Amino acid sequence: MLGLMQNQPLLISSLLEHAARHHADTEVVSRTIEGPIHRYTYADLARRTRKLANVLAGLGVQTGDRVATLAWNGFRHLELYYGISSTGAVLHTLNPRLFQDQLVWIANHAEDSYLFFDLTFVPLVETLAPQLKSVKKFVLMTDRAHMPADSKIPDLQCYEDLIEAASEDYEWPQFDENTASSLCYTSGTTGNPKGVLYSHRSNVLEAYGAALPDTLNLSAFDSVMPVVPMFHANSWCLVYACLLTGAKLVLPGKDMDGKSLYELMQAEQVTFAAGVPTIWLLLLQYIEKEGLRFTTLKRTVIGGSACPPAMMRTFQDKYGVTVLHAWGMTEMSPLGSVSTLKYKHKTWAPEKQNELLYKQGRTIYGVDMKIVDDAGKSLPWDGRAFGNLLVKGYWVLRDYYKSEPGSTLQGGWFPTGDVATIDADGYMNITDRTKDVIKSGGEWISSIDLENLAIAHPAVAEAACIAAHHPKWDERPLLVVVKKPNVDLTREEMLKFFEGKIAKWWMPDDVIFVDELPHTATGKLQKLKLREKFKDYKLPTA
Ligand code: AMP
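Draft legend 1. Here's a closer look at the side chain of Ser-337. Along the chain, Ser-337 falls in strand 15 (residues 335-338). Not counting the four nearest positions on each side in its chain, Ser-337 is found in contact with His-325, Ala-326, Trp-327, Gln-360, Gly-361, Arg-362, Thr-363, Ile-364, Met-369 and Met-428.

Draft legend 2. Inspection of the site of the ligand at higher detail. Within the structure, the ligand sits among 15 residues, and Ala-326, Thr-330, Gln-360, Asp-418 and Arg-433 are positioned closest to it. The separation between an oxygen atom of the ligand and a polar side-chain atom of His-232 is 3.2 Å. Here a nitrogen atom of the ligand sits 3.1 Å away from a polar atom, N or O, in the main chain of Gly-304. In isolation the ligand has 490 Å² of accessible area, and contact with the protein removes 93% of it. Per-element accounting of the shell around the ligand gives the leading share, four residues, to strand 14 (residues 322-328). Broken down by class, the residue content of the shell around the ligand amounts to four nonpolar, eight polar and three charged.

Draft legend 3. Seen up close, the pairing of strand 1 (residues 27-31). In terms of residue burial, strand 1 counts as a mostly covered element, since four of its five residues are buried. Inspection of the sheet shows strand 1 paired to strand 2 (residues 37-41) by five bridges, in the antiparallel sense. Among the inter-strand pairings, Ser-30 is bridged to a residue of strand 2, identified as His-38. Hairpin geometry of strand 1 and strand 2 is characterised by an intervening segment of five residues between the two adjacent antiparallel strands and by a positive phi of about 135° at Gly-35.

Draft legend 4. Here's a closer look at the nonpolar core. Ranked by size, the top nonpolar core spans 117 residues in total, and within it Phe-116, Trp-280 and Phe-294 carry the most contacts. The leading source of residues in this core is helix 2 (residues 42-59), at eight residues. For Trp-280, the contacting residues outside a window of four places in its chain are Val-227, Leu-261, Met-265, Ala-273, Ala-274, Gly-275, Thr-300, Val-301, Ile-302, Met-311 and Phe-315. Ranked by size, the runner-up nonpolar core spans 33 residues in total, among them Leu-70, Phe-121, Leu-128 and Val-135.

Draft legend 5. Spatial organisation of empty space enclosed by the protein. For the structure on display, the rule yields one cavity of 30 Å³ or more. Put simply, the largest cavity is a space of about 120 Å³. Taken together, 14 residues form the lining of the largest cavity, with Ile-33, Gly-74, Phe-75, Arg-76 and Asp-118 sitting closest to its centre. Elements supplying a minimum of two residues to the lining of the largest cavity: strand 1 and helix 3 (75-86). With three residues, the single largest contributor to the lining of the largest cavity is helix 3. Class assignment of the residues belonging to the lining of the largest cavity gives a composition of four nonpolar, six polar and four charged.

Draft legend 6. Summary view of the environment of Trp-327. Of note, Trp-327 is situated in strand 14. The class of Trp-327 is buried, set by a relative accessible area of 7%. For the pair Trp-327 and Ile-302, spaced 25 residues apart in sequence, the C-alpha to C-alpha distance is 8.4 Å. A polar contact is formed between the side chain of Trp-327 and the side chain of Asp-418, at a distance of 2.9 Å.

Draft legend 7. Up close: the pairing of strand 10 (residues 223-226). Side chains Ser-223 and Met-225 of strand 10 all project onto a buried face; the interleaved residues Val-224 and Pro-226 project onto the opposite face, where all are buried too. As judged from the two bridges shared by strand 10 and strand 11 (residues 248-251), these two strands associate in the parallel manner. When the sheet's bridge partners are listed, Ser-223 is paired in strand 11 with Lys-248.

Draft legend 8. Local environment of the packing of helix 10 (residues 277-290) against helix 11 (residues 309-319). Relative to each other, helix 10 and helix 11 sit at 40°, their axes nearing to 11 Å. By the angle class used here, helix 10 and helix 11 are oblique. Judged by the sense of rotation from one axis to the other, the crossing of helix 10 with helix 11 is left-handed. Where helix 10 abuts helix 11, its residues Pro-277, Trp-280, Leu-281, Leu-284, Ile-287 and Glu-288 lie against Met-311, Thr-314, Phe-315, Lys-318 and Tyr-319. The residue inventory of the contact of helix 10 with helix 11, partitioned by class, reads eight nonpolar, one polar and two charged.

Draft legend 9. The arrangement of the pattern of salt bridges in detail. What the rule picks out here adds up to 32 salt bridges. In this structure, the salt-bridge partner of Arg-48 is Glu-79, at a minimum N-O distance of 2.7 Å. Taken as a pair, Arg-48 in helix 2 and Glu-79 in helix 3 lie far apart in primary sequence, 31 residues in all. On the basis of relative accessible area, Glu-79 is assigned to the buried category, the value being 0%. As a salt-bridge pair, Lys-259 and Glu-263 come within 3.1 Å of each other at their nearest N and O atoms. Separated by four residues within a single helix, Lys-259 and Glu-263 lie in helix 9 (residues 258-267), roughly one turn from each other. For Lys-259, a relative accessible area of 41% corresponds to the partly exposed category. A relative accessible area of 38% places Glu-263 in the partly exposed class.

Draft legend 10. Molecular detail of the domain arrangement of the protein. Segmenting the protein into domains produces domain 1 (20-422) and domain 2 (436-533). Centre-to-centre separation of domain 1 and domain 2, based on C-alpha positions: 30 Å. If you look at the interface, domain 1 gives 21 residues, while domain 2 gives 15 residues. Across the domain 1/domain 2 interface, buried area totals approximately 1,500 Å², and carbon plus sulfur atoms make up 66% of it.

Draft legend 11. Summary view of the sheet that holds strand 10. If you walk across this open sheet you meet the nine strands as 2-1-11-10-12-13-14-15-16, and the pairing is mixed. The open sheet has two edge strands with one neighbour each: strand 2 and strand 16 (362-363). Strand contacts of helix 2: strand 1, strand 2 and strand 11, with the helix running at about 90° to strand 2, the strand carrying the most contacts. Together, strand 1, strand 2, strand 10, strand 11 and strand 12 (272-275) form the strand contacts of helix 9, whose direction differs from that of strand 10 by roughly 165°.

Draft legend 12. Focus on unusual backbone geometry. With omega at 10°, the peptide bond leading from Ser-333 into Pro-334 counts as cis. Turning to its location among the elements, Pro-334 is positioned in the loop between strand 14 and strand 15. With a phi angle near 55°, Asn-217 is a residue other than glycine that sits in the positive phi range. Structurally, the position occupied by Asn-217 is in the loop between helix 7 (200-211) and strand 10.

Draft legend 13. Seen up close, the packing of aromatic side chains. Here the structure, examined in full by the defined rule, presents 18 aromatic pairs. Arranged with centres 5.8 Å apart and planes meeting at 75°, the rings of Tyr-82 and Tyr-240 form a pair that is edge-to-face. On the criterion of sequence distance, the pair formed by Tyr-82 in helix 3 and Tyr-240 in helix 8 (residues 238-245) is long-range, its members being 158 residues apart. Each member of the pair, Tyr-82 together with Tyr-240, is buried. Members of the aromatic cluster, connected to one another through ring pairs, are Tyr-262, Trp-280, Tyr-286, Phe-294, Phe-315 and Tyr-319. The ring of Tyr-394 has Arg-201 lying over it, and the distance from NZ or CZ to the ring centre is 5.9 Å. The aromatic ring of Trp-348 is capped on one face by Lys-352, whose charged end is 3.8 Å from the ring centroid.

Thresholds applied
Residues numbered from 1 in each chain as written. Predicted model: local features only at pLDDT ≥ 70, side-chain atom pairs only at ≥ 80, totals over all residues. Heavy atoms only, no water. Helix = DSSP H or I, 4+ residues; strand = E, 2+ residues; numbered from the N terminus. Contact = heavy atoms within 4.5 Å. Near = heavy atom within 4 Å. Polar contact = N/O pair within 3.5 Å; in protein donor to acceptor, adjacent residues only side chain to side chain. Areas by Shrake-Rupley, 256 points an atom, 1.4 Å probe, with all protein chains shown as cover. Nonpolar A, V, L, I, M, F, W, Y, C, P; charged D, E, K, R; others polar. Buried < 20%, exposed > 50% of the residue type's maximum accessible area, 1.4 Å probe, protein only. Pairing = 2+ DSSP bridges. Core = buried A, V, L, I, M, F, W, Y, C linked by side-chain atoms within 4.5 Å. 1 Å grid on protein atoms, 1.4 Å probe; cavity = no way out; pocket = protein on both sides within 12 Å on 5 of 7 lines; lining within 4 Å. Points joined across faces, edges and corners; volume = space filled by probe spheres on them. Axes fitted to C-alpha atoms, helices over the stretch in contact; angles between N-to-C directions. Parallel < 35°, antiparallel > 145°, perpendicular 65-115°, else oblique. Left-handed = near helix turned anticlockwise from the far one by under 90°. Salt bridge = Lys/Arg side-chain N within 4 Å of Asp/Glu carboxyl O. Domains from an automatic or database assignment. Buried area = accessible area lost by both parts, 1.4 Å probe. Phe/Tyr/Trp six-rings, centres within 6.5 Å; stacked < 30°, edge-to-face > 60°. Lys NZ or Arg CZ within 6 Å of the ring centre and 35° of its normal.

See below:
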């Protein structure tokens with residue numbers, strides 16, 4: 001017997017309509033590429049997005065067409081997020097930080113038919129355009145006054161001209177909620193990037209999951225700043241969850257330096273912000289140097305790579321900002337887990353509570369996880385056994401775009417490539433990427449644990465721990481450190497700092513000081529590059 005409830009498809013257009021109707025005057029504030037702050041409301045967003053739908057129809061965009069963007073976080077990108085998906089086409093967010101060859105490969109693999117891009121990327125698109133085989137039209141996301149006088153890009157269109165000329169009458173179509181809504185390629189440190197094709201259903205369900213109290217706890221009482229780019233895994237779903245809850249949205253544009261972020265946060269009374277540790281490092285360095293405080297910021301979600309406990313403590317103890325340590329992947333739309341306490345932890349001492357909060361946390365309803373050994377056998381949830389982390393759920397990938405169907409999952413579970421422990425209460429802790437673990441004499445050493453410890457030293461700005469070849473132990477930890485400006489730190493002092501805090505055999509065999517560490521296009525430490533750089537490094541213990 002089937003239930004007799006309405007069966008409305010979960011469509012992205014419903015989020016836009018909800019925000020326009022129930023939060024019509026809630027603001028969307030953007031720092032524009034052109035310079036000034038732009039400000040409008042959810043009602044304005046909905047009106048202009050209906051115009052955009054007519055623009056897309058006029059350009060010839062068909063259902064299922066891939067429409068690419070090369071853009072920062074801003075109101076026009078937001079209109080494209082909603083407009084492209086809601087007409088039944090597929091929003092393809094390209095990551096401008098990738099190498100040009102990778103961008104060309106991705107756009108051709110996705111067979112993008114249209115490309116919308118920010119002013120910043122005019123020179124880049126001029127170089128790419130001749131190689132983009134399937135792109136029929138290029139649209140520059142700016143107004144007439146900022147259009148380049150002579151551009152090498154063929155038949156370049158002006159976004160604002162197109163919007164201005166379009167009618168605002170448009171009825172969002174209804175279709176199957178499993179229709180593809182958007183496409184994002186993983187940064188992939190090896191091999192070609194892989195496309196993750198989201199559906200309307202997966203994105204709407206994730207937006208529900210993201211808003212829950214034990215996830216990001218978003219509400220119409222919040223002013224939210226996604227510093228995480230809109231080209232990185234749906235900007236962690238915030239652009240959907242804000243319209244679902246009616247939170248104010250503050251989009252920081254291209255300026256990711258501490259000063260720009262801080263000033264915008266203060267001016268727009270941001271209560272909630274989201275970003276990767278490397279960006280927050282810059283922000284904290286800036287406010288520490290200037291002796292500033294956050295006056296409105298209450299919570300920040302940090303993920304994308306492990307958030308060092310030292311950073312969480314600074315936010316919490318010094319600035320009164322609660323850090324939500326989250327873990328996820330492009331393949332998971334991306335939210336998988338967030339660390340928040342349970343009722344029974346209420347009476348625990350703060351240090352003990354923090355030990356839980358430093359972990360990557362509990363799964364959100366809608367995602368399930370398990371850890372397995374190399375033979376695929378489930379490992380116990382005892383907080384000690386660590387193994388390969390597998391997930392499944394409402395917003396987890398089944399197959400990569402254009403891959404052999406059924407070639408990705410293992411018995412219905414997606415192998416994340418992460419290594420983790422899970423404790424009896426379900427708190428998951430990532431110890432490494434599978435390929436980053438250091439295998440010393442057959443035993444695993446967590447590079448993340450060693451990095452977290454190193455960064456807790458007051459003279460350390462950033463640290464990476466990689467495996468270096470050792471004739472006896474096969475691999476031993478090599479610590480690569482970036483010092484804070486104008487401080488002294490020796491190898492011996494660094495190693496002394498580890499004493500008593502880790503098992504003796506985890507002690508790095510050597511410390512190297514460098515000016516900077518390599519990062520991926522999404523701000524993660526690029527350990528593959530470091531390993532290559534130090535592949536012939538001779539450890540003093542070797
Ligand atoms: P991406 O798909 O580019 O977002 O990368 C996903 C990967 O980033 C995960 O598989 C993890 O290896 C890593 N990652 C994301 N969040 C965290 C976190 N909080 N702690 C440690 N690693 C993380």
